[in-house]
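Residues per chain, in single letters:
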Amino acid sequence: MTSAAELVRDFVNTYDVEDDTDDFASPAELSVWLHERALTAPGDRATDDDLTLAVCLREGLRGALTAGLLQGDAQEALEEALRALPLRVRLTPAGPGLAPLAAGVRGGLAAIAAAVARAQADGTWPRLKVCAEGTCRWAFIDASKNRSRAWCSMRVCGNRTKTRAYRARQHRTRPS
């Protein structure tokens, strides 16, 4: 079973910034992605409006994971997407939680919004981060003890960043 943080991470990573590839290039691909994660029923089909909403939610979450708190237009866009995905409080033997108010694709997207709340409640939300490498922006779960990881991969993105910084320092210290 996928944790709430893993679901949010996987959703944000449906767009690869570095390669400019989008798993949601069409409403049909959004439908397949949601169905593969048991967030929708087999017959549920996404529309162009659903796709627009999904991309807005995804990029709003990427921004929230990047900055911690969004401001201005980015904050308003994320809040507008979340308003389109109504949730209700559900009481279960495991405790209270949020559940989508609607079924179908909108319900599947609302389940992702509910996963954000679950990640906050279980303490994994602060561990969800976006790679600090500007060309990457990949979401990851920081499993380091002190929660200080900044890159999705030290070997790739961390190395790129540190190499650029080193070269910039060397360039500044060279005699003219």
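Residues numbered from 1 in each chain as written. Predicted model: local features only at pLDDT ≥ 70, side-chain atom pairs only at ≥ 80, totals over all residues. Heavy atoms only, no water.

Draft legend 1. Spotlight on a nonpolar patch on the surface. On the surface, a cluster of nonpolar side chains totalling about 310 Å² of accessible area is made up of Val-89, Leu-91 and Leu-98. Considering the arrangement of structural elements, one finds Val-89 in strand S3 (residues 87-92). (Patch = residues over 30% accessible without salt bridge, like charges linked within 9 Å, V, L, I, M, F, W, Y side chains within 5 Å. Areas by Shrake-Rupley, 256 points an atom, 1.4 Å probe, with all protein chains shown as cover. Salt bridge = Lys/Arg side-chain N within 4 Å of Asp/Glu carboxyl O. Helix = DSSP H or I, 4+ residues; strand = E, 2+ residues; numbered from the N terminus.)

Draft legend 2. View of the packing of helix H2 (residues 27-36) against helix H5 (residues 104-122). Contact geometry of H2 with H5 gives a least axis separation of 10 Å together with a crossing angle of 60°. In terms of orientation, H2 lies oblique with respect to H5. Considering the relative orientation of H2 and H5, their crossing is left-handed. Counted together, Leu-30, Ser-31, Trp-33 and Leu-34 of H2 and Val-105, Gly-108, Leu-109 and Ile-112 of H5 form the full contact between these two elements. Among the residues making up the contact of H2 with H5, the classes are represented as six nonpolar, two polar and no charged. (Axes fitted to C-alpha atoms, helices over the stretch in contact; angles between N-to-C directions. Parallel < 35°, antiparallel > 145°, perpendicular 65-115°, else oblique. Left-handed = near helix turned anticlockwise from the far one by under 90°. Contact = heavy atoms within 4.5 Å. Nonpolar A, V, L, I, M, F, W, Y, C, P; charged D, E, K, R; others polar.)

Draft legend 3. Summary view of helix H1 (residues 4-12). Regarding H1, the residues found buried are Ala-4, Ala-5, Leu-7, Val-8, Phe-11 and Val-12. Down the axis of H1, the buried side of the element spans an arc of 160°, and every buried residue falls inside it. (Buried < 20%, exposed > 50% of the residue type's maximum accessible area, 1.4 Å probe, protein only. Arc of directions from axis to C-beta.)

Draft legend 4. Quick look at the packing of aromatic side chains. Enumeration according to the criterion identifies three aromatic pairs in this entry. Ring geometry for Phe-11 versus Phe-24: centroids 5.9 Å apart, planes at 45°, classification tilted. Taken together, the residues Phe-11 in helix H1 and Phe-24 in the loop between strand S2 (21-22) and H2 connect sequence positions 13 residues apart. Residue classification places Phe-11 among the buried positions, given a relative accessible area of 0%. Residue Phe-24 is classed as buried on the basis of its relative accessible area, which comes to 2%. (Phe/Tyr/Trp six-rings, centres within 6.5 Å; stacked < 30°, edge-to-face > 60°.)

Draft legend 5. A look at the pattern of salt bridges. Counted by the stated rule, this structure contains eight salt bridges. With a closest N to O distance of 2.8 Å, Arg-58 and Asp-22 form a salt bridge. Of this pair, Arg-58 sits in helix H3 (residues 48-67) while Asp-22 is found in strand S2, placing the two residues 36 residues apart along the sequence. Asp-22 sits in the partly exposed class, given a relative accessible area of 26%. In this structure, Glu-59 and Arg-58 form a salt bridge, with 2.8 Å as the shortest nitrogen-oxygen distance. Overlapping salt bridges bring together Asp-22, Arg-58, Glu-59 and Arg-62 as one network.

Draft legend 6. Structural detail: the environment of Pro-96. If you trace the backbone, Pro-96 turns up in strand S4 (residues 95-100). Given the relative accessible area of 67%, Pro-96 is considered exposed. Look past the residues within four positions of Pro-96 in its chain and what remains in contact with it is Arg-90 and Leu-91.

Draft legend 7. Main features of the side chain of Ser-31. Relative to the helices and strands, Ser-31 resides in helix H2. Of the residues examined, Ser-31 reaches a relative accessible area of 6% and is grouped as buried. Ignoring any residue separated from it by four or fewer positions in sequence, one finds Ser-31 in contact with Thr-40, Asp-44, Arg-45, Ala-46 and Val-105.

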